[in-house]
Amino acid sequence: MQLRIAREQTSSERLAVGVNGCRFGNVLVTREDDRRGAGPDGTVATAQGEFYVVVQKGRSFQRANPQAKVLVDSGRFLLIDWAEKQRWVEEPGCFAVVPYADGAIDVGLRSGRRAQPRSDIVGLVNSFTAQDLKLQVQGLSAIHTRESTGQGFLQALDICEPVLAAAGCETSRQTFTMEGSQSFNLVGRRRGTAPDARLLIMSAHLDSVNHEGGAGARAPGADDNASGCVTVMQVATALARLPELRHDVAFILFGGEEQGLFGSKHYVNNLSPEDRGRIAGVVNIDMAASKNTSKPTVLLEGAALSQEVIDQLADAAATYTQLETQVSLKPFASDHVPFICNGIPAVLTIEGADDAYPHEHTARDVPSGLDFELHRQITMMDVAWLVSNALPSPGA
Ligand SMILES: [Zn+2]
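Along each chain, numbering runs from 1 in the same order as the chain's sequence is written. Local features in a predicted model are, by the rule used here, given only for residues with pLDDT of at least 70; side-chain atom pairs are given and counted only at 80 or more, and totals for whole chains, interfaces and linings are based on all residues. Just so you know, side-chain values use all the structure's heavy atoms and leave hydrogens and water out.

**Some details on the coordination of the zinc ion**
Item 1. Within the protein, His205 (NE2), Asp224 (OD), Asp286 (OD) and Asp286 (OD) serve as the donor atoms for the zinc ion, at 2.0 to 2.6 Å.
Item 2. Donor atoms are limited to N, O and S found within 2.8 Å of the metal ion, a distance that becomes 3.2 Å for Na, K and Ca. With water left out, some sites might look partial. Only four donors with every angle between 85 and 135 degrees are called tetrahedral; only four or six donors with opposite donors over 155 degrees apart and all others between 65 and 115 are called square planar or octahedral, in that order; all others are irregular. Around the zinc ion sit four donor atoms, and with donor-metal-donor angles ranging over 52 to 147° the site reads as irregular.
Item 3. Within one chain, the residues serving as donors to the zinc ion are arranged as H-x18-D-x61-D. Taken together, the positions of His205 in strand E12 (residues 199-205) and Asp286 in the loop between strand E14 (279-285) and strand E15 (297-301) put the pair 81 residues apart, joining distant regions of the chain. Taken individually, His205 and Asp286 each receive the classification buried, so the pair is uniform in this respect. For the purposes of this entry, the term helix denotes a DSSP run of H or I that reaches at least four residues, the term strand denotes a run of E that reaches at least two, and both are numbered from the N terminus. Note on exposure labels: buried denotes an accessible area under 20% of the residue type's maximum, exposed denotes more than 50%, and partly exposed covers the range between, all computed with a 1.4 Å probe on protein chains only.

**Remarks on the side chain of Lys57**
Item 1. Note on placement: Lys57 falls in the loop between strand E5 (50-55) and helix H1 (58-64).
Item 2. Within polar-contact distance, the side chain of Lys57 engages the side chain of Glu360 at 2.7 Å.
Item 3. For this analysis, residues touch if any pair of their heavy atoms sits within 4.5 Å. If we ignore the near neighbours within four places in the chain, the residues touching Lys57 are Arg76, Cys94, Phe95, Met287 and Glu360. Definition of a polar contact: a pair of N or O atoms within 3.5 Å, with one able to donate and the other able to accept a hydrogen when the atoms are protein atoms, and with sequence-neighbouring residues admitted only if both atoms are side-chain atoms.

**Looking at the packing of aromatic side chains**
Item 1. Within 6.5 Å between ring centres, the rings of Phe, Tyr and Trp (the latter by its six-membered ring) count as paired, and their orientation is classed by plane angle as stacked under 30 degrees, edge-to-face over 60, tilted in between. All chains considered together, the criterion is met by seven aromatic pairs.
Item 2. Their ring planes at 65° and their centres at 6.3 Å tell us that Phe61 and Trp82 sit as a pair that is edge-to-face. In this pair, Phe61 sits in helix H1 while Trp82 sits in strand E7 (residues 78-82), placing the two residues 21 residues apart along the sequence. With respect to burial, Phe61 and Trp82 carry one shared label: buried.
Item 3. Pairing Tyr267 with Phe339 gives two aromatic rings, centres 6.1 Å apart and planes at 50°, and the pair type is tilted. With Tyr267 in helix H6 (residues 262-269) and Phe339 in helix H9 (residues 336-341), the pair connects residues that are 72 residues apart, well separated along the chain.
Item 4. Using a relative accessible area of 0% as the deciding quantity, one classes Phe339 as buried.

**Focus: the packing of helix H4 (residues 151-166) against helix H5 (residues 222-239)**
Item 1. Each axis is a line fitted through C-alpha atoms, and for a helix only the stretch in contact is used; angles between axes span 0 to 180 degrees, taken between their N-to-C directions. Where H4 meets H5, the closest approach of the two axes is 8 Å, and the angle between their N-to-C directions is 20°. Regarding the angle of H4 to H5, the classification is roughly parallel. Seen along the crossing, H4 lies across H5 with a hand that is left-handed. Here Cys160, Val163 and Leu164 of H4 come into contact with H5, specifically with Met233, Ala236 and Thr237.
Item 2. A class-by-class count of the residues in the contact of H4 with H5 yields five nonpolar, one polar and no charged. Roughly parallel covers angles under 35 degrees, roughly antiparallel covers those over 145, roughly perpendicular covers 65 to 115, and oblique covers all other angles. Left-handed describes a crossing whose near helix is turned anticlockwise from the far helix through less than a right angle; right-handed describes the clockwise counterpart. In this count, Pro and Cys sit with the nonpolar residues alongside Ala, Val, Leu, Ile, Met, Phe, Trp and Tyr, while Asp, Glu, Lys and Arg are called charged and the others, Gly among them, polar.

**A short note on the environment of Glu301**
Item 1. When you line up the elements, Glu301 lands in strand E15.
Item 2. Given the relative accessible area of 0%, Glu301 is considered buried.
Item 3. In this structure the C-alpha to C-alpha distance between Glu301 and Val347, which are 46 residues apart in sequence, comes to 5.5 Å.
Item 4. The residues touching Glu301, leaving out its near neighbours within four places in the chain, are Gln56, Phe77, Ser328, Lys330, Pro331, Phe332, His336, Ala346, Val347 and Leu348.
Item 5. Of the polar contacts made by the side chain of Glu301, one reaches the side chain of His336; its length is 2.7 Å.

**Some points on the environment of Arg191**
Item 1. Mapped onto the elements, Arg191 comes out in the loop between strand E11 (181-190) and E12.
Item 2. Sequence separation between Arg191 and Val298 is 107 residues, and the spatial gap between their C-alpha atoms is 29 Å.
Item 3. Aside from chain neighbours lying at most four places away, what touches Arg191 is Glu170, Leu245, His247 and Asp248.

**Notes on the pairing of strand E10 (residues 170-178)**
Item 1. What makes two strands pair is DSSP finding at least two bridges between them. The pairing of E10 with E11 spans nine bridges and is antiparallel. Directly across from Thr177, in E11, lies its bridge partner Gln182.
Item 2. The hairpin turn running from E10 into E11, its antiparallel successor, is two residues long, and Glu179 in that turn takes a positive phi close to 45°.

**Examining H5**
Item 1. With 18 residues, H5 ought to run about 26 Å at 1.5 Å a step, and its terminal C-alpha atoms sit 24 Å apart, in line with that.
Item 2. Burial analysis of H5 places 17 of its 18 residues in the buried class, which makes it a mostly covered element. Here a helix's expected span is defined as the number of its residues, less one, multiplied by 1.5 Å.

**Some points on the nonpolar core**
Within soluble globular proteins, side chains that are nonpolar generally end up buried alongside one another.
Item 1. Of all hydrophobic cores here, the largest spans 89 residues; its most connected members are Phe24, Leu79 and Phe251.
Item 2. When residues in this core are grouped by element, the largest group, 11 residues, is from helix H10 (residues 372-390).
Item 3. Looking at which domains feed residues into this core, each of domain 1 (2-107) and domain 2 (119-390) supplies at least three.
Item 4. With residues up to four places along the chain from it excluded, the contact list for Phe251 reads Leu164, Cys169, Leu186, Val187, Gly188, Met202, Val232, Val235, Ala236, Leu239 and Leu386.
Item 5. We define the nonpolar core as a collection of buried residues of types Ala, Val, Leu, Ile, Met, Phe, Trp, Tyr and Cys that are connected through side-chain atoms lying within 4.5 Å of one another. If you look at the next biggest cluster of nonpolar residues, it comprises 16 residues, including Ile201, Ala250, Leu271 and Phe339. Where a domain begins and ends is set by an automatic assignment or by a domain database.

**Re empty space enclosed by the protein**
Item 1. Within this scheme a cavity is a closed region of a 1 Å grid, computed over the protein atoms alone, that accommodates a 1.4 Å probe without allowing it to escape, whereas a pocket is open but has protein on both sides within 12 Å along at least five of seven lines; lining residues each have an atom within 4 Å of a point. Grid points are joined across faces, edges and corners, and a volume is the space filled by probe spheres set on the points. Using the criterion set out here, one finds four cavities of 30 Å³ or more in the structure.
Item 2. Here the largest cavity defines a volume of roughly 70 Å³.
Item 3. In terms of lining residues, the largest cavity is bounded by Lys57, Arg59, Gly75, Arg76, Met287, Asn292, Glu351, Ala353, Ala356, Tyr357 and Glu360.
Item 4. A breakdown of the residues in the lining of the largest cavity according to their chemical character gives four nonpolar, two polar and five charged.
Item 5. Residue-level mapping places the lining of the largest cavity at the junction of two domains, with at least three residues from each of domain 1 (2-107) and domain 2 (119-390).
Item 6. Empty space within the second largest cavity amounts to approximately 50 Å³.
Item 7. Every residue lining the second largest cavity is listed: Phe24, Gly25, Ser74, Arg76, Phe77, Val107, Leu299, Gln326, Ala353 and Asp354.

See below:
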């Protein structure tokens with residue numbers, strides 16, 4: 001097989017209008033023999049071995065397989081030509097490798113619709129400061145490691161639980177067992193006033209890990225994922241300004257994500273039938289503060305069943321932030337996945353990537369390299385999404 005690789009100046013809908021292929025951000029890949037529609041110009045690659053697509057996280061794959069021949073590198077997603085006799089080294093939960101096929105990956109810029117901003121949401125959106133976000137990320141990252149079953153994780157819970165409680169949430173710790181030890185999900189809930197109240201969930205994983213140093217090594221996890229937890233806490237705090245919500249809201253900080261989504265699987269498996277049936281949407285935040293693109297960008301990652309939530313988030317970004325929005329419908333390796341697998345519309349909001357964040361899962365994932373303006377923008381989008389749904393009309 002030969003592939004044509006074309007880099008575009010701006011995003012386009014060309015793939016949708018007749019040319020089948022894959023989109024890696026602004027790079028379009030099509031089969032050389034498929035020149036239907038206006039096939040893009042570009043370079044032609046002939047496989048030495050076989051073409052494969054690496055899904056989430058490209059950098060983890062490259063660390064495990066430094067000999068891989070990478071033809072397209074869009075940060076989390078890679079096009080590789082694998083000609084080695086040995087199969088690649090797997091790292092379960094870090095990445096998936098699939099044979100190249102039309103539509104195997106389609107990550108592209110998608111703009112939301114700019115609507116008339118709501119004044120109550122503008123007030124909340126403007127309540128965040130990059131400095132406040134940074135201070136809270138520093139607090140969580142100062143813990144030696146937040147390994148899911150260790151003392152540091154309990155310390156982190158003791159930091160986060162009072163924040164959710166002060167924001168008017170009823171808090172609880174859900175215990176679960178993983179690898180023979182205990183870990184926890186922290187849940188903060190607010191009840192809505194509507195008789196038929198639905199449930200909206202905003203979540204992030206609180207645990208951290210160091211894949212270089214192993215168990216017990218320093219794992220500050222500033223971007224991955226103190227940043228997501230701080231977004232959840234700041235959104236909860238901002239929402240406290242609204243004394244009444246129409247719908248229920250749950251803020252959840254999961255344990256056990258890094259070892260295989262243990263906390264979120266436990267949460268989904270133990271949902272009451274009543275709650276399961278009334279979840280309107282889940283937004284999960286994982287890595288929100290490393291700027292790996294020229295413009296501040298967020299990736300909205302879900303599946304076909306989460307399209308409505310993706311659209312709502314993209315509209316919130318267009319209306320209330322300066323974010324560019326990328327969209328992918330290949331969910332992988334974060335706490336949105338167990339929801340999607342159970343038919344619940346969930347979306348991951350994660351920093352956009354043309355280049356990957358190199359410090360993930362190392363002792364170098366510290367606050368000093370992060371971009372708290374990007375973090376603020378993503379937090380703004382998330383709060384706008386939540387309020388638009390939890391309180392559909394102002395003052396209602
Ligand atoms: Zn993470």
